[in-house]
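Listed below, chain by chain, are the residues.
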Amino acid sequence: MKKEACIQISDLQFQWPDQKETLLNIPELIINQQEHLYIQGDSGSGKSTLLNLLGGIIEPQQGDITILGQSLRQLSSSQRDHFRAAHIGYVFQQFNLVPYLSILDNVTLPCDFSSERYKRAGASSNSIKKEAMRLLSHLGLEDEALLQKPVTQLSVGQQQRVAAARAFIGSPEIIIADEPTSSLDANAQESFIKLLFDEVKSKNTTIVFVSHDERFIPLFEHSIQLTSLQANKATTLMEGGQL
Ligand SMILES: Nc1ncnc2c1ncn2[C@@H]1O[C@H](COP(=O)(O)OP(=O)(O)OP(=O)(O)O)[C@@H](O)[C@H]1O
């Protein structure tokens, strides 16, 4: 059976206003549902810019990005915000947990911004709180005493698991993970990646993962390398095993 495209990029060019050259030039990229994309590149090569384009936070000067069959170009800025909240979960390098919210309230936060995520989380486990507990438990955080702690008192690895549970709640079709393992040691990185892939296996989820750690490339069907302008080269894109 033919898989549906989850992310489709065609003829994309992007340049920041103060830059002299095109930062990103991606003629074509198709990621089907349940396939995963690994993005690597030097500092300044445009990784975060590409993630922002995929999330519809910024718009390209040329070309089109279609997510789950919806061209982002056809949406207004507020429609793009709504679309992003409903369909994309984020895990950031610094986790971005809200310090004055409990662990559970941090995890359920995306459900406050998207009725779709709220409904899907409730449907998975009868209530969004139960779904948050299920995700935390699956990610190795089930100790009741631990869950009472303020997020500021969690270890880096624990904070990262809370951030991952928050990304997964309400089953968004895409998880964008921007260097999520960079603050962990090598063993913790591997176990985190395993948990991430375990959770997506049962769902129709695509992971877009930015990292410098090439150990993880074999887990991804697609990998691209962005080249930095500072290196005085044109931005290039290589896909699928050319790395
Ligand atoms: N809002 C912005 N306005 C203007 N230029 C920007 C903006 N954001 C990023 N840039 C520039 O675009 C280039 C790519 O930046 P970007 O943050 O996408 O790179 P990156 O690959 O994510 O880097 P890093 O690995 O250091 O996070 C850099 O030259 C940066 O200065």
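Every value quoted in this text rests on a predicted model; they were computed, and no experiment measured them.

### Focus: the site of the ligand
Moving on, step 1. Inspection of the region around the ligand gives Trp16, Asp18, Gln19, Leu23, Asp42, Ser43, Gly44, Ser45, Gly46, Lys47, Ser48 and Thr49 as its neighbouring residues.
Moving on, step 2. Here an oxygen atom of the ligand sits 3.2 Å away from a polar atom, N or O, in the side chain of Trp16.
Moving on, step 3. The contact in question runs from an oxygen atom of the ligand to an N or O atom on the backbone of Gly46, over 3.0 Å.
Moving on, step 4. For the shell around the ligand, the residue count by class is 2 nonpolar, 7 polar and 3 charged.

### As for the packing of aromatic side chains
Moving on, step 1. Under the definition given, this model contains 7 aromatic pairs.
Moving on, step 2. Ring geometry for Phe197 versus Phe220: centroids 5.4 Å apart, planes at 85°, classification edge-to-face. Placement of the pair is Phe197 in helix α8 (residues 186-201) and Phe220 in the loop between β8 (206-210) and β9 (222-226), with a sequence separation of 23 residues. Exposure class is identical for Phe197 and Phe220. Each is buried.

### A few points about helix α3 (residues 103-113)
Moving on, step 1. The element α3 is largely enclosed, with a buried count of 8 among its 11 residues.
Moving on, step 2. Looking at the buried positions of α3, the neighbouring elements they touch are α4 (115-125), α5 (128-138), α6 (144-147) and α7 (156-168).

### Looking at the pattern of salt bridges
Side chains that differ in charge, positive against negative, can pair when their charged atoms come close.
Moving on, step 1. Across all of its chains, the model carries 9 salt bridges by this definition.
Moving on, step 2. Residue Arg134 is joined to Glu131 by a salt bridge in which the shortest nitrogen-to-oxygen separation is 3.0 Å. Of this pair, Arg134 and Glu131 are both found in helix α5, 3 residues apart, which corresponds to roughly one turn of the helix.
Moving on, step 3. Classification of Arg134 as partly exposed rests on a relative accessible area of 33%.
Moving on, step 4. Classification of Glu131 as buried rests on a relative accessible area of 1%.
Moving on, step 5. Put simply, Glu190 and Arg215 hold a salt bridge, and the shortest N to O gap is 2.9 Å. You can see Glu190 sitting in helix α8 and its partner Arg215 sitting in the loop between β8 and β9, a full 25 residues away along the chain.

Procedures and definitions
Residues numbered from 1 in each chain as written. Predicted model: local features only at pLDDT ≥ 70, side-chain atom pairs only at ≥ 80, totals over all residues. Heavy atoms only, no water. Near = heavy atom within 4 Å. Polar contact = N/O pair within 3.5 Å; in protein donor to acceptor, adjacent residues only side chain to side chain. Nonpolar A, V, L, I, M, F, W, Y, C, P; charged D, E, K, R; others polar. Phe/Tyr/Trp six-rings, centres within 6.5 Å; stacked < 30°, edge-to-face > 60°. Helix = DSSP H or I, 4+ residues; strand = E, 2+ residues; numbered from the N terminus. Buried < 20%, exposed > 50% of the residue type's maximum accessible area, 1.4 Å probe, protein only. Contact = heavy atoms within 4.5 Å. Salt bridge = Lys/Arg side-chain N within 4 Å of Asp/Glu carboxyl O.

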